[in-house]
Amino acid sequence: MSKDATDLILAEYSALRSEIEKRCEMRYRLVSYTILLLGTMIALVFRSNDPQPIVLFLFPVFACLLSSLWVHNFRMTMIIANYIIERIEPAFGHDGWEKFAAEASKKSGRFLINNTFSTAAIFVFTQVTALLCGLSVKIQSSSAGLSELHSLTALEWGWFAIGCVAVVATVLIHRMPAKYENRDFHVSRIRTSNVSLN
């Protein structure tokens, strides 16, 4: 392999590793943004003199969008890692970190909880929490208790239904990365070591 070809592959490897790092960081940020958004919306609604449950019914839609971005970053990370395994590491005649991580993940996969499960659970939990808090706004604002739910307007019920659909959509969206995990892909951890040439 010529020096120019080697330099090109090393530059590509470095760029792809940097891309993996950025996408891993973005995934953590998306989860943080979701939790922060829920806390902000709950605080605004319950501190308001005229709380509107529809504000909380809107949250599952936003969470679903953030969740889809998380899945997109997850999928792209898998694709990049697989590209490194199949195209870059063989060029140097040895198995690197990505191959090792993929094989380790495959061997222990059945004994480990799908690593997307916890993230999906966070998104779904925040969505359900928002819907329940939205309903509790009506209950707490009147002494009629649960019967007060009948006073929800058509618009509020409509957004509540849309919120429920968003919860289901989030669950379905997170089934995609699970399919990738069942293959020979692996979400690589942030690793900045360089490839050494013999």
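The preceding data block contains the structure.
Chemist: Hey, could you run me through the overall build of the protein in this one?
Modeler: The number of helices and strands found in the protein is seven helices and zero strands. Starting at the N terminus and walking to the C terminus, you meet the elements of the protein as α-α-α-α-α-α-α. Counting contacts in the protein only where the partners sit at least 6 residues apart, residues at least 24 apart contribute 84% of the total.

Chemist: I keep staring at helix α6 (residues 154-173) and nothing clicks. Help me out?
Modeler: Every α-helix carries 3.6 residues per turn, so stepping three or four residues along brings you back to the same face. For α6, built from 20 residues, the straight-helix expectation of 28 Å at 1.5 Å per residue is met to within 8% by its first-to-last C-alpha distance of 28 Å. Within the span of α6, buried status applies to E156, F160, G163, A166, V167 and T170. Down the axis of α6, the smallest arc covering the buried residues is 110°, so these residues share one side. Turned more than 90 degrees away from the buried face of α6 sit A154, L155, V165 and L172, all of them exposed.

Chemist: How should the packing of aromatic side chains be read in this particular structure?
Modeler: Two aromatic rings are characterised by how far apart their centres lie and by the angle between their planes. Summed over all chains, the structure comprises three aromatic pairs. Ring centres of W70 and F74 lie 5.3 Å apart, and the angle between their planes is 20°; this geometry places the pair in the stacked category. One end of the pair is W70 and the other is F74, both in helix α3 (residues 59-88) and four residues apart, which spans about a single turn. Like F74, W70 is buried. Among the aromatic residues, ring-to-ring pairing joins F57, W157 and F160 into one connected group.

Chemist: How do you make sense of the packing of helix α1 (residues 3-47) against α3 when you look at a structure like this?
Modeler: Between α1 and α3, the shortest axis-to-axis distance is 9 Å and the interhelical angle comes to 165°. As summarised for this structure, α1 and α3 are arranged roughly antiparallel, according to the angle between their axes. At the point where α1 passes α3, the crossing takes the left-handed sense. By residue class, the composition of the contact of α1 with α3 is 23 nonpolar, four polar and five charged.

Cut-offs used in this document
Residues numbered from 1 in each chain as written. Predicted model: local features only at pLDDT ≥ 70, side-chain atom pairs only at ≥ 80, totals over all residues. Heavy atoms only, no water. Helix = DSSP H or I, 4+ residues; strand = E, 2+ residues; numbered from the N terminus. Contact = heavy atoms within 4.5 Å. Expected span 1.5 Å × (residues − 1). Buried < 20%, exposed > 50% of the residue type's maximum accessible area, 1.4 Å probe, protein only. Arc of directions from axis to C-beta. Phe/Tyr/Trp six-rings, centres within 6.5 Å; stacked < 30°, edge-to-face > 60°. Axes fitted to C-alpha atoms, helices over the stretch in contact; angles between N-to-C directions. Parallel < 35°, antiparallel > 145°, perpendicular 65-115°, else oblique. Left-handed = near helix turned anticlockwise from the far one by under 90°. Nonpolar A, V, L, I, M, F, W, Y, C, P; charged D, E, K, R; others polar.

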